[in-house]
Amino acid sequence: MDLTPPTFLLQAQVLASRIPETHIKMPEIKSKIRILMSGYNGEKTLKYYLEQIPDHKYHIFHGLRLPIGNTFFQIDFLLLSQKLILILDAKNHSGILQFDKNQLIHEFAGHREVYENPIAQVNRHKISLRFLFEKYKIPQAPIENLVTVCKPSTEIHISPGYKEAEHKVIKAYNLLAKVDELEGRDNEKKINQKTLNQIIKLLLELHTPQKIDILNYFQIGEDELIHGVQCPRCLYIPMDYNRARWICPKCLLFSKDAFLNGVNDYFFLIKSSFTNSEIRTFLLMPSSRTTTANLPKLNLPYTGTKRDRIYHQPHPFP
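On a predicted model such as this, the values are computed, not experimentally measured, just so you know.

Reading the values: the criteria
- Residues numbered from 1 in each chain as written.
- Predicted model: local features only at pLDDT ≥ 70, side-chain atom pairs only at ≥ 80, totals over all residues.
- Heavy atoms only, no water.
- Axes fitted to C-alpha atoms, helices over the stretch in contact; angles between N-to-C directions.
- Helix = DSSP H or I, 4+ residues; strand = E, 2+ residues; numbered from the N terminus.
- Parallel < 35°, antiparallel > 145°, perpendicular 65-115°, else oblique.
- Left-handed = near helix turned anticlockwise from the far one by under 90°.
- Contact = heavy atoms within 4.5 Å.
- Nonpolar A, V, L, I, M, F, W, Y, C, P; charged D, E, K, R; others polar.
- Pairing = 2+ DSSP bridges.
- Polar contact = N/O pair within 3.5 Å; in protein donor to acceptor, adjacent residues only side chain to side chain.
- Core = buried A, V, L, I, M, F, W, Y, C linked by side-chain atoms within 4.5 Å.
- Buried < 20%, exposed > 50% of the residue type's maximum accessible area, 1.4 Å probe, protein only.
- 1 Å grid on protein atoms, 1.4 Å probe; cavity = no way out; pocket = protein on both sides within 12 Å on 5 of 7 lines; lining within 4 Å.
- Points joined across faces, edges and corners; volume = space filled by probe spheres on them.
- Arc of directions from axis to C-beta.

Peer 1: Account for the packing of helix 1 (residues 7–17) against helix 8 (residues 259–269), naming residues and giving values.
Peer 2: The interhelical angle for the contact between helix 1 and helix 8, taken along N-to-C directions, is 115 degrees, at an axis separation of 9 Å. The angle between helix 1 and helix 8 places the two elements in the roughly perpendicular class. Once helix 1 is placed against helix 8, the crossing between them reads as left-handed. Residues Thr7, Leu10, Gln11, Val14 and Leu15 of helix 1 pack against Asp265, Phe268 and Leu269 of helix 8. Its residues assigned to classes, the contact of helix 1 with helix 8 shows five nonpolar, two polar and one charged.

Have a look at this one:
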């Protein structure tokens, strides 16, 4: 089970490195990075426990983004076997979480915030997954869902009488025991192997990774970005180019391939293809000839020839 940082997080981190620290949008970008990083850390915690489940028992999917009507729904983790389909939502908050039927209240360091009850979210995901199976004529099977609180130190408070939360909200370290409990309710296999294979094939075909136009999201113009090659050691931008090498004027690092990360930055921030002129402008390459000489190092797919050549983002990316 591979677990990589969400593309949105990587895009936001790159954007933060390519605007001035004093930029008016910097606090908003850093706040988004903290939120995305917290979610990713929670998913890493959950992955640790999921890896303790024997490989042969479940097919485990991470970050499935599936179409429903004119939109999409995204599932943190989906466990799939002949006995059980289980949707998991990871929460990585610190402090105190108060689960009420109509809301989630988070208290930490003197601050209090109100969110949508995540149980309502995983219930929607369950309904959406059922609708998806109906649409593609997949025989129905029971679907369970859980909200997993990933930090052991987080206090969980559940409103009196809120039985659904008592059953569906667990600490991540109790996940294996909960899975064992759900399995043990009925030893009968609910899904035959043919249907299981159908579901796996369908999920892989329908999964649609999210593509964020990061500059539009934060309302930042391309002309506001800091152009140039970034020093891989001290992160200064731009490095100087002299005699087929990039030189950092701040820490004096020499590099022949420092521009490689800059190409990835372009894909994250601008678009999924570029011409010689476009990448030369973005990285402040000294000439068209220098750019042409360095581009083969990328081994990128391309279309067109010579001056009309367009280089394309590799797949998968990142």
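Peer 1: Give me unusual backbone geometry: which residues, what numbers.
Peer 2: In this chain, Ile237 is followed by Pro238 through a cis amide linkage whose omega measures 0 degrees. Within the secondary structure, Pro238 is located in the loop between helix 7 (214–217) and strand 10 (240–242). If you check the backbone angles, Arg243 has positive phi at about 55 degrees while not being a glycine. Locating Arg243 in the fold gives a position in the loop between strand 10 and strand 11 (245–247). Within the chain, Ala244 stands out as a residue other than glycine whose phi angle is a positive 65 degrees.

Peer 1: I'd like to hear about the pairing of strand 1 (residues 59–68), residue by residue, with values.
Peer 2: Direction of pairing for strand 1 relative to strand 2 (residues 71–80): antiparallel, over a ladder of nine bridges. In the sheet register, Arg65 faces strand 2, and the bridge partner there is Gln74. Taken together, strand 1 and the strand that follows it, strand 2, pair antiparallel across an intervening segment of two residues, in which Gly69 is found at a positive phi of about 65 degrees.

Peer 1: With reference to specific residues and values, describe the side chain of Lys47.
Peer 2: The topology assignment puts Lys47 in helix 2 (residues 26–50). Of note is the side chain of Lys47, whose polar atom sits 2.4 Å from the side chain of Glu51.

Peer 1: Run through the nonpolar core, naming residues and quoting values.
Peer 2: In this structure, Leu15, Leu88, Val263 and Phe274 are the most contacted members of the largest nonpolar core, which totals 61 residues. Elements supplying a minimum of two residues to this core: helix 1, helix 2, strand 2, strand 3 (85–91), helix 5 (175–184), helix 7, helix 8 and helix 9 (276–283). For this core, the element with the highest residue contribution is helix 2, accounting for eight residues. Apart from residues no more than four positions distant in its own chain, Leu88 is found in contact with Leu46, Leu50, Ile75, Asp76, Phe77, Leu79, Leu146, Thr148 and Leu175.

Peer 1: For the sheet that holds strand 15 (residues 310–312), give the residues involved together with the corresponding values.
Peer 2: In space, the three strands of this open sheet follow the order 13-15-14, with antiparallel pairing throughout. Strand pairing shows two members of the sheet lacking a second neighbour, strand 13 (273–274) and strand 14 (302–303), which therefore form its edges. Two strands pair when backbone bridges link them, and strand 13 and strand 15 are joined in this way by two bridges, in the antiparallel orientation. From the neighbouring strand, Phe274 faces strand 15, where its bridge partner is Tyr311.

Peer 1: An account of the layout of surface pockets is needed here, citing residue identities and associated values.
Peer 2: Estimated volume of the second largest pocket: approximately 300 Å³. A class-by-class count of the residues in the lining of the second largest pocket yields five nonpolar, four polar and three charged.

Peer 1: Can you tell me about helix 5, naming the residues and giving the values?
Peer 2: The complete set of buried residues in helix 5 reads Leu175, Lys178, Val179, Leu182 and Glu183. End-on, the buried residues of helix 5 take up no more than an arc of 140 degrees, which puts them together on one face. Residues of helix 5 that are exposed and point more than 90 degrees away from the buried face comprise Ala177, Asp180 and Gly184. Contacts made by the buried residues of helix 5 are with helix 2, strand 2, strand 3, strand 7 (143–149), helix 4 (163–168) and strand 9 (169–171).

Don't take any of this as a statement about function, it's just geometry.
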